[in-house]
Amino acid sequence: MARAAEKTAENEESGRRRRRKREEGSEAAGNDAERNEYIDKLVAINRVAKVVKGGKRFGFAALIVMGDGKGRVGYGTGKAREVPEAIRKATESAKRNLVRVPLREGRTIHHDAKGMFGSGMVVLRAAPPGTGIIAGGPMRAVFEALGIQDVVAKSVGTSNPHNMVKATFAALAAVASPRSVANRRGKKVNEIFGKKPGDKAGEAVEA
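Anyway, here's the lowdown on the structure attached to this text.

In the structure shown here, the tally under the stated rule is seven salt bridges. Arg107 is the salt-bridge partner of Asp150, the closest N and O atoms lying 3.3 Å from each other. With Asp150 in the loop between helix H3 (137-146) and strand S8 (151-157) and Arg107 in the loop between strand S4 (99-100) and strand S5 (113-117), this pair connects stretches of sequence that are 43 residues apart. What makes Asp150 buried here is its relative accessible area of 5%. A relative accessible area of 10% places Arg107 in the buried class. The shortest N-O distance in the salt bridge between Arg125 and Asp112 comes to 3.3 Å. Note that Arg125 is positioned in strand S6 (residues 120-126) and Asp112 in the loop between S4 and S5, a separation of 13 residues in sequence. Residue Arg125 is classed as partly exposed on the basis of its relative accessible area, which comes to 48%. Since its relative accessible area comes to 42%, Asp112 is described here as partly exposed.

Where H3 meets helix H4 (residues 161-173), the closest approach of the two axes is 8 Å, and the angle between their N-to-C directions is 45°. One element, H3, and the other, H4, form an angle in the oblique class. As H3 runs across H4, the sense of the crossing is right-handed. Taken together, the residues of H4 that come into contact with H3 (itself represented by Pro138, Met139, Val142, Phe143 and Leu146) are Pro161, Met164, Val165, Thr168, Phe169 and Leu172. The class makeup of the residues in the contact of H3 with H4 is 10 nonpolar, one polar and no charged.

Parameters and conventions
Residues numbered from 1 in each chain as written. Predicted model: local features only at pLDDT ≥ 70, side-chain atom pairs only at ≥ 80, totals over all residues. Heavy atoms only, no water. Salt bridge = Lys/Arg side-chain N within 4 Å of Asp/Glu carboxyl O. Helix = DSSP H or I, 4+ residues; strand = E, 2+ residues; numbered from the N terminus. Buried < 20%, exposed > 50% of the residue type's maximum accessible area, 1.4 Å probe, protein only. Axes fitted to C-alpha atoms, helices over the stretch in contact; angles between N-to-C directions. Parallel < 35°, antiparallel > 145°, perpendicular 65-115°, else oblique. Left-handed = near helix turned anticlockwise from the far one by under 90°. Contact = heavy atoms within 4.5 Å. Nonpolar A, V, L, I, M, F, W, Y, C, P; charged D, E, K, R; others polar.

Don't take any of this as a statement about function, it's just geometry.
Below is the structure:
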């Protein structure tokens, strides 16, 4: 009887282990699928030091830009003693801070915009098809993650990647689609463009 009870306990324990492994495997597969859904760019990583009683304690700070390539983008920062952990924290922060930006024809912004943060200032200009992304490093990462294909951008001021990214997001926050402007003003899109109702050029522009 004792042996039978021990055998039953061993079988139950092995069954629990198998179930646990299957659950961990399915959770990892789900995380991989979710990760593949987004485009993440490592913009900057810095070594930081904290002075403590026994000396200096070193760590790393990461800046990540993440987007789905379809009009949603966000940025996040993370600090940790090791680089991979700092990147993981920044990625989770970026995923929580995703914002939607209206795009024209899914390739460029609707109009020129200017953004400022601290001593950083960026100027974004809409561009015709085939222009490509003409922008510096941190701004290029934001546009690629956002899904913009044609844009001209200029950074005026600081070259600090944190300020450049935040100024870029401030400029993107100022971008509005004709449809949202029309809804806010209680008008039709063709009235916003100043076209006559029968004019094809004044039809609704895709948000």
